[in-house]
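Residue strings, one per chain:
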Amino acid sequence: MKAVLRWLGLVVLAFVALQLFFVVRIAAMVVIDPESTSFQRSEAWTLLTTKGNVPWRQQWMPYASISDQLKRAVIASEDDGFVSHDGVDWNAIEKAWERNAKAEALANKAQARAPDRPVRAPKIRGGSTITQQLAKNLLLSGERTLLRKGQEFVLTLLLEQLLSKQRILEVYLNSVEWGEGVFGAEAAAQHYFRKSASRLSATEAARLAVMLPAPKRFEKTPGSAYLAGRTRTILARMGSAELP
């Protein structure tokens, strides 16, 4: 019994120490720009092991030096309630849950009608906010488990408590992936449009924002009809996007 209690005590101590580590890391971001994220390091390792080198483009830009058009486009595309929620958009999660349930039900019906024919798996949609995406990419692995999701929730709350909305958006825009080895707004603007992130037009900003869910795929299919259509949709929404 004592051995079990000792083991449980060590587990609890390790958990508390990990949370304190995260608190210190996030608190430091108030004044220190993170050099890399957990996701970036994982991507760098993948590039190194598959290609033998690491093509890397990233240049940190202060919040004021990033086009407001891009900020509006990303908020309109990724998280239109960014300035008002506390890190978690419960309405978006509920809607995503309903869409996923309907998609799964349709897939099950199709499978029942034609059991011998392969049925495409339903596309799972998430309800993650910009803060949640930053929490996941910044400090966590890419595994999909309840434990990791719980840790993501804790980190999301910490980010919202310790950093301003403006700082959260600044870190996100400077670290998010926009293509193979392309990270951050400045690298993306230079890579796709040969200009600084401060000079992006509304259309260019909307196009970059639309790429975010699958940047590597859209990098290879720049003429995608979906990309063009979605860009027009985001352009129409940008006017109502509220900046922090």
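I will try to describe carefully the structure that is included in this document. This one's a predicted model, so the numbers in the text were calculated from it and none came from an experiment.

Topic: the overall build of the protein
Consideration 1: In terms of helices and strands, the protein carries 11 helices and two strands.
Consideration 2: Starting at the N terminus and walking to the C terminus, you meet the elements of the protein as α-α-α-α-α-α-α-β-β-α-α-α-α.
Consideration 3: Taken over 244 residues, the protein has a buried fraction of 41%.
Consideration 4: Long-range pairs, those at least 24 residues apart, make up 71% of the contacts in the protein between residues at least 6 apart in sequence.
Consideration 5: A total accessible area of about 14200 Å² is found for the protein, and carbon and sulfur atoms account for 58% of it.

A few points about the environment of Gln132
Consideration 1: Along the polypeptide, Gln132 turns up in helix α5 (residues 130–139).
Consideration 2: The class for Gln132 is buried, based on a relative accessible area of 6%.

A few points about helix α11 (residues 225–237)
Consideration 1: Compared with an ideal rise of 1.5 Å per residue, which puts 13 residues at 18 Å, α11 spans 19 Å between its outermost C-alpha atoms and is within 8% of the ideal.
Consideration 2: If you check which residues of α11 are buried, you get Leu227, Thr231 and Ile234. All buried residues of α11 fall inside an arc of 70 degrees around its axis, so they share one side. Projecting away from the buried face of α11 at angles above 90 degrees are the exposed residues Ala225, Tyr226, Arg232 and Ala236.
Consideration 3: Tucked inside the fold, the buried residues of α11 contact α3 (68–78), α9 (202–211) and α10 (215–220).
Consideration 4: Where α11 begins, the side chain of Ser224 points an oxygen toward the backbone nitrogen of Tyr226, at a separation of 3.2 Å.

Considering the side chain of Lys165
Consideration 1: Position of Lys165 relative to the elements: it lies in helix α7 (residues 165–175).
Consideration 2: Taking relative accessible area as the criterion, Lys165 reaches 16% and is therefore assigned buried.
Consideration 3: A polar side-chain atom of Lys165 sits 2.6 Å from the main-chain carbonyl oxygen of Phe82.
Consideration 4: Side-chain polar atoms of Lys165 contact the backbone oxygen of His85, separated by 2.9 Å.
Consideration 5: Discounting chain neighbours no more than four positions away, the residues touching Lys165 are Phe82, Val83, His85, Gly87, Glu160 and Pro244.

The rules we used
- Residues numbered from 1 in each chain as written.
- Predicted model: local features only at pLDDT ≥ 70, side-chain atom pairs only at ≥ 80, totals over all residues.
- Heavy atoms only, no water.
- Helix = DSSP H or I, 4+ residues; strand = E, 2+ residues; numbered from the N terminus.
- Buried < 20%, exposed > 50% of the residue type's maximum accessible area, 1.4 Å probe, protein only.
- Contact = heavy atoms within 4.5 Å.
- Areas by Shrake-Rupley, 256 points an atom, 1.4 Å probe, with all protein chains shown as cover.
- Expected span 1.5 Å × (residues − 1).
- Arc of directions from axis to C-beta.
- Polar contact = N/O pair within 3.5 Å; in protein donor to acceptor, adjacent residues only side chain to side chain.

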